[in-house]
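# Descriptive structure summary
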Amino acid sequence: MAEVKDQLEIKFRLNDGSDIGPKWFPDATTVATLKETVVAQWPKDKENGPKTVKDVKLISAGRILENNKTVGDCRSPVCNLSGAVTTMHVIIQHQVIEQEKKKKKPKGDVKKKNKCVCLCFGARC
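Named according to an unreviewed UniProt entry, the protein is Membrane-anchored ubiquitin-fold protein originating from Camelina sativa. The record held by UniProt for the protein lists under Function (unreviewed entry) the comment "May serve as docking site to facilitate the association of other proteins to the plasma membrane." Taken directly from UniProt, the Subcellular location (unreviewed entry) text for the protein runs: "Cell membrane".

## Some thoughts on the sheet that holds strand β5 (residues 86-92)
Taken in spatial order, the 5 strands of this open sheet run β2-β1-β5-β3-β4, and their pairing is mixed. Of all the strands in the sheet, just β2 (19-26) and β4 (63-64) have a single pairing partner and so form its edges. Here strand β1 (residues 7-13) pairs with β2 via 6 bridges, running antiparallel. Along β2, the bridge assignment pairs R13 with D19.

## Brief notes about the pairing of strand β3 (residues 56-60)
Judged by which residues are buried, β3 turns out to be one-sided: V56, L58 and S60 face inward and are buried, whereas K57 and I59, on the alternate face, are not. For β3 and β5, the ladder comprises 4 bridges, and the chain directions are antiparallel. Across the sheet, the residue bridging to I59 is H89, located in β5. Pairing between β3 and β4: 2 bridges, direction antiparallel. Along β4, the bridge assignment pairs I59 with I64. Taking the residues that link successive antiparallel strands as the turn, the β3-β4 hairpin has 2 residues, and the phi of A61 there is positive, at about 55°.

Cut-offs used in this document
- Residues numbered from 1 in each chain as written.
- Predicted model: local features only at pLDDT ≥ 70, side-chain atom pairs only at ≥ 80, totals over all residues.
- Heavy atoms only, no water.
- UniProt positions renumbered as here; feature names shortened; annotations may be inferred.
- Pairing = 2+ DSSP bridges.
- Helix = DSSP H or I, 4+ residues; strand = E, 2+ residues; numbered from the N terminus.
- Buried < 20%, exposed > 50% of the residue type's maximum accessible area, 1.4 Å probe, protein only.

Structure (C-alpha cells):
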C-alpha cells in the first residue's frame, strides 16, 4: 500500500472532453515529464496536437503547473481519498515561430492608426 501512497493516478482532459489515461505517476515525476507523456500519447486522429512540450500547459486545481514542479508538489488533499483520480486539464498553445514574430512587428516609428470609422444615423421625427 505504501507504493500507491507515493504515486498519483492522473488523467489528462483534452479540450474536446476526451481523456488520456488514467496512469500512475510517482510523486518525484516532474511536470515536464507529464507534458512529454501528453505529447507522446496525443491521439493521432485529433487535429492541432502539440508538437513539443512547450506547446502544452497543464492545469490542476485551477493553477498552471510549472515544468520544474513535481507531482508531489501538485498533490491536493482530494488526492488522498481512496480511488480518487486527479484530472489535469490540457491546454495547447502553439509557439509562434520567430519569423512570424518579425513579420508582425511594425517597421521604424510607424504608429498604428485607428482605421475604424463608425457612423451613427439617428432617426428624427
